[in-house]
Amino acid sequence: MSGEPALMTLTAVAKAIADKQFSSREVTHTCLQRIAQWQPHLNAFMAIEAEAALQAADEADAALAKGENRGALHGVPLAHKDMYYDAGKVVTCGSLIRRDFVATSTSTALQRLKDAGTIRLGSLQMAEFAYGPTGHNAHYGAVRNPWSVDRITGGSSSGSGSAVAARLTFAALGSDTGGSIRMPAHFCGVTGLKTTWGRVSRAGAMPLSQSLDTVGPLAQTAEDCALLLGLMAGADPEDLTASNAPVPDYLAATKASIKGLKVGVPSSFYVDDLDPDVARSLDEAIAVLKREGADIVKVELPDQRQLSSASQIVIAVEATAFHKRWLIERPQDYGPQVLMRLQNALAIPGVTYLEALRWRGAALAAHAAATAKVDAVIAPVAPMPAPTIAESDVGNAPDAEAVIQRLTRFTRPVNYLGLPSLAIPSGFSKGGLPVAMQLIGRSFDEATLLTIGAAFQRATDFHARVPKLPRTNFA
């Protein structure tokens, strides 16, 4: 086998290591070479642990030579968003407050990937305390988009989107509370899975909003996401909100046909006020699914603006409750944008918050009724390609807040309902920036989304395109 291992998919490189076509050291070395080239341009990593990664790779190779295969991802090097506790490692959560916080336990999701044989390349940048949709960070600098380094990556899983897109890691854990996996997937041209609330344990993952937080992967393909979800999903005694529902064979789902599956196209909201490139990409994606055998039907969804508003109330109050002590003791250690958002939530009445929570059941029932005859709903992730870092910088750009509100309006309703959503690269703007669609499914039916996503990726190559290394860095 020839070529650069770092450009392979997660699924392919795991097989190549297991079959001894590449050693873990070779694969890890090529990732570290790309990290060294790209990091000055992207600022995607919080910490790079080259020596430890190579040592772990050598240990993985020695184990394999003795016939000891540790699991489906034996010897595969990965890096994850810097909010997943890893015992003995500094976990900054993108913040000044936790700059020196050393975890004493390991998050369940991360541990399950370690148990499958992965090794650690380091940790990835993120928005401060996962509370920002763009990729800005007042303490550590903005993460940059590998397709155009003056553009945002989306947040809060900014480093995850950027690093997967530039092929610095084969996949990365993100988190999605209001769009924080799907937006980096859209802006950076990778595949991202927002899981059903409760599908993957959140134990040992920094909380933002307990009622909305979900753990999920960003990777090159739907097949890669299926592999990771199958390893992570399931009950966990450390997180009683993690569902004990059976874990399907997600990888098998990616091989299935979509003939006869019904995909719903919303008649409003998700198709309103789209940039021409996003509108064109959505139309073309729908045409591809139709050619592959899906039935395309119109759906009338309940008012999504109400869902979005309720989502914002829930996240604001729950985030501020988590940060209460630090807001009192260390307000000066927050970046201005995050501090403002946290302080603003202090003015939200408890009654308003409880009403927003109590309405979820009725809203979910209304959505289920509206989508009863379809297997998934297709929609854009965001109404536009990536804006520039400058024009979305709250505090320095006069229209930044309006830009941010527009960016997140298609993702928040899904979080409020707790539903799964798969973001899939679906095209490029005329300026060469990636755009994505999202497939929104029924609770705990990630399998159908992965079936549709994998079929789309067999018919297109948007997910396989790789950005070119910029000529100059931003420093």
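To be clear, the structure that these remarks concern was listed above.
Let me sum up the structure you'll find in this document. Here the structure is a predicted model, which means the values were calculated and not measured.

Attention now moves to the environment of Val 76. Relative to the assigned elements, Val 76 resides in the loop between α3 (50–65) and β2 (77–81). A relative accessible area of 0% places Val 76 in the buried class. Separated by 65 residues in the primary sequence, Val 76 and Thr 11 have C-alpha atoms spaced 9.8 Å apart. Discounting chain neighbours no more than four positions away, the residues touching Val 76 are Leu 10, Val 13, Ala 14, Ile 17, Gly 117, Thr 118, Ile 119 and Phe 170.

With that out of the way, let us pick up helix α4 (residues 108–115). Of all the residues in α4, the buried ones are Thr 108, Ala 109, Leu 110 and Leu 113. Buried residues along α4 sit in contact with β2, β4 (171–175), β6 (215–219) and α7 (222–232). Gly 117, located one to two residues past α4, shows a positive phi value of around 110°.

All right, on to the packing of aromatic side chains then. Throughout the structure, instances matching the rule amount to 10 aromatic pairs. Taken together, a centroid distance of 4.9 Å and an interplanar angle of 90° make the contact between Phe 269 and Tyr 270 edge-to-face. With a relative accessible area of 11%, Phe 269 lands in the buried category. The buried category is assigned to Tyr 270, whose relative accessible area is 1%. A centroid spacing of 5.8 Å and a plane angle of 35° characterise the contact between Trp 359 and Tyr 416, whose relative ring orientation is tilted. Separated by 57 residues along the polypeptide, Trp 359 in the loop between α13 (350–358) and α14 (360–370) and Tyr 416 in helix α16 (residues 412–417) bring together distant segments of the chain. Given the relative accessible area of 0%, Tyr 416 is considered buried. Three or more aromatic residues joined by ring pairs make a cluster, and in this case those are Phe 129, Phe 322, Trp 326 and Tyr 334. Above the face of the Phe 269 ring, Arg 409 is positioned so that its terminal group lies 5.8 Å from the ring centre.

As for its position among the elements, Lys 81 is in strand β2. Summary of buried charges: Lys 81 has no salt-bridge partner, and the nearest side chain of opposite charge, Asp 213, is 8.6 Å away. Residues in contact with Lys 81, not counting those within four places in the same chain, are Leu 124, Met 126, Ala 130, Ser 156, Ser 157, Ser 160, Leu 173, Gly 174, Ser 175 and Ser 180.

Let us look at the nonpolar core. Residues Leu 10, Phe 45, Leu 73, Val 76, Tyr 334 and Ile 378 are the most contacted members of the largest nonpolar core, which totals 144 residues. Those residues within four positions of Phe 45 in sequence are excluded, and the remaining contacts are Ile 35, Gln 39, Ala 79, Leu 121, Ser 123, Leu 124, Gln 125, Ala 163 and Leu 168.

Moving on to unusual backbone geometry. The linkage connecting Gly 155 with the following residue, Ser 156, adopts the cis geometry, with an omega of 5°. Checked against the element boundaries, Ser 156 lands in the loop between β3 (119–124) and α5 (158–165). Here Arg 167, not a glycine, exhibits a phi torsion of approximately 65°, which is positive. Mapped onto the fold, Arg 167 is located in the loop between α5 and β4. Non-glycine residue Phe 269 carries a positive phi angle of around 65°.

Attention now goes to the sheet that holds strand β1 (residues 45–48). The sheet built from three strands is open, its strands ordered β1-β3-β2 with mixed pairing. The open sheet is flanked by β1 and β2, the only strands paired with a single partner. The sheet shows a mean angle of 35° between the axes of neighbouring strands, direction not considered. Pairing analysis gives three bridges linking β1 to β3, with the strands arranged antiparallel. Residue pairing for β3: Ala 47 is matched across the bridge by Ser 123. Along the sheet, helix α2 (residues 24–42) contacts β1, β2 and β3; its crossing angle with β3, the most-contacted strand, is approximately 15°.

According to the stated counting rule, one finds two cavities of 30 Å³ or more in the structure shown. In this model, the largest cavity occupies a volume close to 90 Å³. Residue lining of the largest cavity: 14 residues in total, with Met 83, Ser 175, Met 206, Asp 213 and Thr 214 positioned closest to the centre. Among the residues making up the lining of the largest cavity, the classes are represented as seven nonpolar, four polar and three charged. Roughly 40 Å³ of internal volume is contained in the second largest cavity.

Read from one edge to the other, the open sheet built from eight strands follows the order β4-β6-β5-β10-β11-β9-β7-β8, with strand pairing classed as mixed. In this open sheet, the two strands that pair with only one neighbour each are β4 and β8 (295–299). Going across the sheet, the axis of each strand differs from the next one's by a mean of 30°, ignoring polarity. Here five bridges tie strand β7 (residues 262–266) to β8, and the two strands are oriented parallel to one another. Bridging from a neighbouring strand, Val 265 pairs with Lys 298 of β8. The strands that α7 touches are β4, β5 (191–194), β6 and β10 (421–428); relative to β6, the one it contacts most, it runs at about 150°.

Each pocket or cavity is described by its volume, and for the largest pocket that value is around 500 Å³. Every residue lining the largest pocket is counted, 29 residues in all, and those nearest its centre are Tyr 131, Gln 312, Ile 315, Arg 341 and Gln 405. Only α10 (304–322), α12 (336–344) and α15 (400–407) provide two or more residues apiece to the lining of the largest pocket. When grouped by side-chain class, the residues that make up the lining of the largest pocket number 12 nonpolar, 14 polar and three charged.

Cut-off values and rules
Residues numbered from 1 in each chain as written. Predicted model: local features only at pLDDT ≥ 70, side-chain atom pairs only at ≥ 80, totals over all residues. Heavy atoms only, no water. Helix = DSSP H or I, 4+ residues; strand = E, 2+ residues; numbered from the N terminus. Buried < 20%, exposed > 50% of the residue type's maximum accessible area, 1.4 Å probe, protein only. Contact = heavy atoms within 4.5 Å. Phe/Tyr/Trp six-rings, centres within 6.5 Å; stacked < 30°, edge-to-face > 60°. Lys NZ or Arg CZ within 6 Å of the ring centre and 35° of its normal. Lys, Arg positive; Asp, Glu negative; His and termini not counted. Salt bridge = Lys/Arg side-chain N within 4 Å of Asp/Glu carboxyl O. Core = buried A, V, L, I, M, F, W, Y, C linked by side-chain atoms within 4.5 Å. Pairing = 2+ DSSP bridges. Axes fitted to C-alpha atoms, helices over the stretch in contact; angles between N-to-C directions. 1 Å grid on protein atoms, 1.4 Å probe; cavity = no way out; pocket = protein on both sides within 12 Å on 5 of 7 lines; lining within 4 Å. Points joined across faces, edges and corners; volume = space filled by probe spheres on them. Nonpolar A, V, L, I, M, F, W, Y, C, P; charged D, E, K, R; others polar.

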